[in-house]
Amino acid sequence: MIWYPYEQMKTMKKPYEIIAAEGAYLYTQDTKLLDSISSWWSVIYGYHQPEITEAICKQAAKFSHVMLGGLTHKPVEELSGKLASWLPGDLDYCFFSDSGSVAVEVALKMALQYYVNRGENHRKTVLALHHAYHGDTFKAMAVGDDEDYHFVLQVYGDNPYVVHIPTDIASLEAAFDRYHDELNCFIVEPLLQGAGGMRMYDIAFLKRARELCDTYGVLLIFDEVATGFGRTGHRFVADVVLPDILVLGKGLTGGHIGHAVTVANQKVFAAFYDDAPEKALMHGPTFMGNALACAAAKAAVDLFDRLDVPSRVAHIEELTQRELAGFTDPRIREVRIMGGCACIEVYDAETLAGYQQFAYEHGVFARPFLKYLYSMVPYILTDDELVHIFSVMKEWFRQG
Ligand SMILES: *Cc1c(COP(=O)(O)O)cnc(C)c1O
């Protein structure tokens, strides 16, 4: 049988069976559902997207996969070339992997070895944020800070070599003051913390972080697995504040095939580029640079520019503000909006019990978690579709 994610298998309700997916809609045997969360935020251009599907089919007719150890191919070369020229600054060195969690592991290993290669073995500690989520593999869990996901790690007691801080500048400065000579990196989900509860914070925090990282020689890592490709309203937050290492996943292939990339800048790459074999990055996921995934990703990246995603997201944000800003209910703690993300945080998780079925009956697929009712819509929605998603949310509070 299938063991489903984040579920108590004994009590979980039957999942909806999807028999087709097209554009912004998921189809079951009986009904169609407007998708409000883009399949965990990844299917940003909609399902069965024609250009991406065509790129996959074309490549599949040649070959689907060859390993990247000792081999290379056009799809991976075209994608890495495109990313190098398209991404900001000197973020030019692309290490591919099969999921966001693995790409985060690679980023953390790069940051550690960056210092080991320079003989600075005391730089063992990672600075991260309260409520951070960086994936479900072990080091990603360790730098994460969400007991709702990773409470099992508490059996290990204190988490050595990881320090968590809140998103205020005073705490940031205090942490650098105290830990700067043991830090190898500061990893953040920039501006928008997704799985930790759609928490939003100010760009000034990241600008100060960049300064402090420069002052103390600490590498700055942006985990833009969720925020990348327009979600915050920026193409990447990295366009505004430049990190040393950028992690992309989810929307990279338009959500059509799992793939991710850890992109390093020249400074990081140079610390590995040497005659000494032991200074190499000893890492290599079996399916890194998968040809189908690379072909899909190249088509998806081209689509980002062609659809002018930033102006679409600006429009989505404007409509979201119009529909949700100021919406209140005694059970609502806060309404937060940024780019293509909206979140209604309630005081008590019970308030959202039954919402998924309610949304289903109103033709919308949603998946609130804990105290968060949110949308992360595909960018291709019409205005009416977007308005419908928010009217279902508001109706839930009116009728309940
Ligand atoms: C989803 C997510 C990950 C993990 O990506 P997977 O592909 O699920 O392994 C890492 N970081 C952030 C910010 C994410 O949202």
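What you see is a predicted model, and the numbers here were worked out from it, not measured in a lab.

Definitions and limits used
Within each chain, residues carry numbers counting from 1 in the order of the written sequence. Given that this is a predicted model, residues contribute local features only at a pLDDT of at least 70 and side-chain atom pairs are listed and counted only at 80 or more, while totals for whole chains, interfaces and linings are drawn from all residues. The basis for every side-chain value is the complete set of heavy atoms in the structure, and neither hydrogens nor water enter the calculation. We call a residue near a molecule or strand as soon as one heavy atom of that residue lies within 4 Å of the molecule or strand. The term polar contact refers here to a pair of N or O atoms within 3.5 Å; inside protein, the definition further demands a hydrogen-donor-capable atom paired with an acceptor-capable atom, and it admits residues adjacent in sequence only when both atoms are side-chain atoms. Per-residue accessibility takes into account occlusion by the displayed protein chains alone, with areas from the Shrake-Rupley method and a 1.4 Å probe. Note on residue categories: nonpolar means Ala, Val, Leu, Ile, Met, Phe, Trp, Tyr, Cys or Pro, charged means Asp, Glu, Lys or Arg, and polar means any other residue, Gly included. One side-chain nitrogen of Lys or Arg within 4 Å of one carboxyl oxygen of Asp or Glu is enough to make a salt bridge. What counts as a helix is a DSSP run of H or I of at least four residues, what counts as a strand is a run of E of at least two, and both are numbered from the N terminus. Categorising residues by exposure relies on relative accessible area from a 1.4 Å probe, with only protein chains included: less than 20% of the type maximum marks a residue as buried, more than 50% marks it as exposed, and the intermediate range marks it as partly exposed. Put simply, two rings from Phe, Tyr or Trp (the six-membered ring, in Trp's case) pair if the centres are within 6.5 Å, and we call them stacked under 30 degrees between planes, edge-to-face over 60, tilted for the rest. By the criterion adopted, a ring carries a charge over it if an Arg CZ or a Lys NZ lies within 6 Å of its centre and within 35 degrees of its normal. By this rule, a helix spans an expected 1.5 Å times one less than how many residues it contains. Only the stretch in contact is used when a helix axis is fitted, and all axes are lines through C-alpha atoms; the angle between N-to-C directions ranges over 0 to 180 degrees. Angular relationships are summarised with four words: roughly parallel below 35 degrees, roughly antiparallel beyond 145, roughly perpendicular across 65 to 115, and oblique for the angles in between. Helix crossings fall into two classes, left-handed where the near helix is turned counterclockwise from the far one by less than a right angle and right-handed where it is turned clockwise. Only heavy atoms matter for contacts: two residues are in contact if any of them lie within 4.5 Å across the pair. Domain extents, as shown, originate in an automatic or database domain assignment. Here the buried area means the combined drop in accessible surface, using a 1.4 Å probe, for two parts upon being joined, counting both sides. Only when DSSP finds a minimum of two bridges between them are two strands counted as paired. Definitions used for this entry: grid spacing 1 Å over protein atoms alone; cavity, a set of points where a 1.4 Å probe fits but cannot get out; pocket, an open set with protein on both sides within 12 Å along at least 5 of 7 lines; lining residue, one with an atom within 4 Å of a point. Grid points are joined across faces, edges and corners, and a volume is the space filled by probe spheres set on the points.

> If you had to explain the site of the ligand to someone new, which residues and values would you point to?
Neighbouring residues of the ligand: Trp41, Ser99, Gly100, Ser101, Tyr133, His134, Gly135, Glu189, Asp223, Val225, Ala226 and Lys250. Residue Lys250 places a side-chain N or O atom 2.6 Å away from an oxygen atom belonging to the ligand. Surface burial for the ligand is 82%, taken as the share of its 380 Å² of free accessible area covered by protein chains. Counted by class, the shell around the ligand contains four nonpolar, five polar and three charged residues.

> Tell me about the pattern of salt bridges, and name the residues and values.
Side chains that differ in charge, positive against negative, can pair when their charged atoms come close. Summed over the entire model, instances satisfying the criterion amount to 20 salt bridges. In this structure, the salt-bridge partner of Glu173 is Arg208, at a minimum N-O distance of 2.6 Å. Here Arg208 lies in helix 8 (residues 203–216) and Glu173 lies in helix 7 (residues 169–179), a separation of 35 residues in the sequence. You can call Arg208 partly exposed: its relative accessible area is 25%. Of the charged contacts in the structure, one is a salt bridge between Arg322 and Glu323, with a shortest N-O distance of 3.0 Å.

> Any details on the packing of aromatic side chains? Residues and values, ideally.
Summed over the entire model, instances satisfying the criterion amount to 23 aromatic pairs. For the pair Tyr45 and Tyr379, a centre-to-centre distance of 6.5 Å together with 75 degrees between the ring planes defines the contact as edge-to-face. A residue pair is termed long-range when its members are at least 10 positions apart, and Tyr45 in the loop between helix 1 (38–41) and helix 2 (50–62) and Tyr379 in the loop between strand 16 (372–376) and helix 13 (383–399) qualify at 334 residues. Ring geometry for Phe229 against Phe236: centres 5.0 Å apart, planes inclined by 70 degrees, an arrangement best described as edge-to-face. Side by side, Phe229 and Phe236 carry an identical accessibility label, which is buried. Note that Lys32 overlies the ring of Tyr25, its terminal NZ or CZ placed 4.3 Å from the centroid. Positioned above the aromatic ring of Trp86, the side-chain terminus of Arg235 is 4.7 Å from the ring centre.

> Any details on helix 13? Residues and values, ideally.
In a regular helix each residue adds 1.5 Å, so 17 residues correspond to 24 Å; helix 13 covers 24 Å between its end C-alpha atoms and thus fits that length. All of the buried residues along helix 13 are Glu385, Leu386, Ile389, Phe390, Val392, Met393, Lys394, Trp396 and Phe397.

> Residue-level account of the packing of helix 2 against helix 10 (residues 291–306), with values.
At a minimum axis distance of 8 Å, the contact between helix 2 and helix 10 shows a crossing angle of 150 degrees. Viewed along their axes, helix 2 and helix 10 adopt a mutual orientation that is roughly antiparallel. Like other packed secondary-structure pairs, helix 2 and helix 10 cross with a definite hand, here right-handed. For the pair helix 2 and helix 10, contact is made by Glu51, Ile52, Ala55, Ile56, Gln59 and Ala60 and by Ala291, Leu292, Ala295, Ala296, Ala299, Ala300, Leu303 and Arg306, respectively. Tallied by class, the residues present in the contact of helix 2 with helix 10 amount to eleven nonpolar, one polar and two charged.

> How would you sum up the domain arrangement of the protein chain? Please name residues and give values.
Taken domain by domain, the protein chain holds domain 1 (20–48 + 309–399) and domain 2 (51–306). When each unit is reduced to the centre of its C-alpha atoms, the spacing between domain 1 and domain 2 is 27 Å. Residue-level contacts link 27 residues of domain 1 with 29 residues of domain 2. In total, domain 1 and domain 2 occlude about 2,300 Å² of area from one another, counting both sides; carbon and sulfur atoms represent 66% of this. The largest share of the area that domain 1 buries against domain 2 comes from Trp41, Tyr45 and Met338, three residues that together contribute 31% of it. For the interface between domain 1 and domain 2, the tally reads zero salt bridges. Counting across the domain 1 and domain 2 interface gives ten residue pairs in polar contact (both at pLDDT 80 or more).

> Which residues make up the side chain of Ser42, and what values do they have?
Topologically, Ser42 is positioned in the loop between helix 1 and helix 2. Discounting chain neighbours no more than four positions away, the residues touching Ser42 are Lys250, Gly251, Gly254 and Gly255.

> Run through the sheet that holds strand 16, naming residues and quoting values.
Within a sheet, neighbouring strands are paired by backbone hydrogen bonds and run either parallel or antiparallel to one another. With respect to topology, three strands assemble into an open sheet ordered 13-14-16, the strand pairing being antiparallel. Edge positions in the open sheet fall to strand 13 (332–338) and strand 16, since each of these has one partner strand only. For this sheet, the mean inter-axis angle between neighbouring strands, taken without regard to orientation, is 10 degrees. Sheet topology places strand 13 next to strand 14 (residues 341–346); six bridges connect them, and they run antiparallel. The partner of Ile337 across the bridge, within strand 14, is Ala342. Across the sheet, helix 13 touches strand 13, strand 14 and strand 16, and the angle it forms with strand 16 is around 170 degrees.

> Could you give an account of the environment of Asp35, naming the residues involved and the relevant values?
Here Asp35 is to be found in strand 3 (residues 32–35). The buried category is assigned to Asp35, whose relative accessible area is 0%. In this structure, the C-alpha to C-alpha distance between Asp35 and Gln59, residues 24 residues apart in sequence, is 28 Å. For Asp35, the side chain forms a polar contact with the main-chain nitrogen of Ile37, separated by 2.9 Å. Reaching out from Asp35, the side chain makes a polar contact with the backbone nitrogen of Ser39 at a distance of 3.3 Å.

> Describe empty space enclosed by the protein, listing the residues and the values that go with them.
Scanning all chains against the criterion turns up one cavity of 30 Å³ or more. Of the voids in this model, the largest cavity is the one considered here, and its volume is about 30 Å³. If you go around the largest cavity, the residues you meet are Trp41, Ile44, Val225, Ala226, Gly228, Phe229, Arg231, Gly251 and Tyr379. Along the lines of polarity and charge, the residues of the lining of the largest cavity split into six nonpolar, two polar and one charged.

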